[in-house]
Amino acid sequence: MEINYILLAHKNPDQLQRLIERLTARYVKFYIHIDKQVDINKFKRKIPESDEIFYLRNIDRKNGTWGDLGIVKATINAMKLILNQKRNGVCILLSGQDYPLVSTAKISDFLNEHQKINFISTVSLPFKGWHKGGKDRIEKYKFNKSFKRGHFIQMPSIWEKEFYQKDTPGRINFLRKKGKFKEILKLLKKRRFPKDIKPYGGSQWFILPISTIESILLYLQQNPKYLSYHQFTLLPDEILIQSIVRKLEEEGKIRPSLTYVNWTRPHGDLPVTFKTEDFEELKSKSKNFLFARKFDTSQDHNILDLIDEHLLR
């Protein structure tokens, strides 16, 4: 079973190197996207390119602005590179702050037993677990104010009652000052999800057979307006690919993501950045998940040592 890892990274080259070392095996290749806003040479010095490690070219790199389409486009570019190299097996999407919870041998054995399964979390929208059911993500236009996390505005079209609120003139004036006249004109048209596909949402992280990757890229090639539509979607990384998979694949061949993420802790930033005190939680999750996120070695590297010693041997 060939395994093709797409790794999305923007910080901590040492941590990315450690992740690659833990996942390396003779049947594995890595396809690395470094955020366009980051100096890629810091990563290349630590992790040189090789027959198993490939960096996306500068022309294929995208700004990884939170909640924006860039990171999805980067993932798509990595998919294309994998197919151009005529790889087989599966494609696994991870971030540079993920880490395995089981050994490479167990990952391989599991994937060999589930070769035709698409491990990607999907829920039909609207979904009560998301703010406003997620409808605001696909019915309003999202415009970035800057590259900063959460620095954006969402606006309905002029055909929506919500458009006629006291803060609307200020938002339009902001767009005018930024020279975003095309964006202003967008508001003249009601935003609707493309008719030939139903909206689904779920975790960004997936494990998909190469056959599914081929189907996704073919669908995008045949339906270019679908990608353009998501230019104004909030968090399209949690909707765009999920919806395509649900359209093209049999429901019985779709199962939830195998990357564990904790979004439920009552205090602190979410998702949880795991630390040493979280080891028992991760140990229990290793029974049902192959990977976890997120980790930050600049805050705590001991948690990775514990995983190495107790879960990856």
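Being a predicted model, the structure only gives us computed values, none of them experimental. (Residues numbered from 1 in each chain as written. Predicted model: local features only at pLDDT ≥ 70, side-chain atom pairs only at ≥ 80, totals over all residues. Heavy atoms only, no water.)

Chemist: Outline the sheet that holds strand β5 (residues 98-100), supporting the account with residue identities and numerical values.
Modeler: Read across the open sheet, the 3 strands follow the order β5-β14-β13; overall the sheet is mixed. Looking at the sheet topology across the chains shown, the edges are occupied by β5 and β13 (259-260). Bridge analysis of β13 against strand β14 (residues 291-293) gives 2 bridges, and the strand direction is parallel. In the sheet register, Thr259 faces β14, and the bridge partner there is Phe291. (Pairing = 2+ DSSP bridges. Helix = DSSP H or I, 4+ residues; strand = E, 2+ residues; numbered from the N terminus.)

Chemist: Would you mind going over empty space enclosed by the protein in detail, with residue names and values included?
Modeler: Enumeration over the complete set of coordinates arrives at 2 cavities of 30 Å³ or more. Taken as a whole, the largest cavity spans an internal volume of roughly 60 Å³. If you go around the largest cavity, the residues you meet are Ile71, Val72, Thr75, Leu93, Gln204, Phe206, Pro236, Asp237, Ile241 and Gln242. Class assignment of the residues belonging to the lining of the largest cavity gives a composition of 6 nonpolar, 3 polar and 1 charged. (1 Å grid on protein atoms, 1.4 Å probe; cavity = no way out; pocket = protein on both sides within 12 Å on 5 of 7 lines; lining within 4 Å. Points joined across faces, edges and corners; volume = space filled by probe spheres on them. Nonpolar A, V, L, I, M, F, W, Y, C, P; charged D, E, K, R; others polar.)

Chemist: How would you explain the environment of Glu52 if you had to name every residue and give the values?
Modeler: Counting through the fold element by element, Glu52 comes out in the loop between α2 (41-46) and β3 (53-55). For the pair Glu52 and Ala25, spaced 27 residues apart in sequence, the C-alpha separation works out to 9.5 Å. In this structure, Glu52 is in contact with Val28, Lys29 and Phe30, ignoring residues within four places of it in sequence. (Contact = heavy atoms within 4.5 Å.)

Chemist: Give me the lowdown on the packing of aromatic side chains, citing residues and values where you can.
Modeler: Within this structure, the stated rule accounts for 17 aromatic pairs. Ring plane angle 75 degrees and centroid distance 5.8 Å describe the contact between Tyr141 and Phe232, whose orientation is recorded as edge-to-face. Linking Tyr141 in strand β8 (residues 141-144) with Phe232 in the loop between α9 (224-229) and α10 (240-248), this pair joins segments that are 91 residues apart in sequence. You can call Phe232 buried: its relative accessible area is 14%. (Phe/Tyr/Trp six-rings, centres within 6.5 Å; stacked < 30°, edge-to-face > 60°. Buried < 20%, exposed > 50% of the residue type's maximum accessible area, 1.4 Å probe, protein only.)

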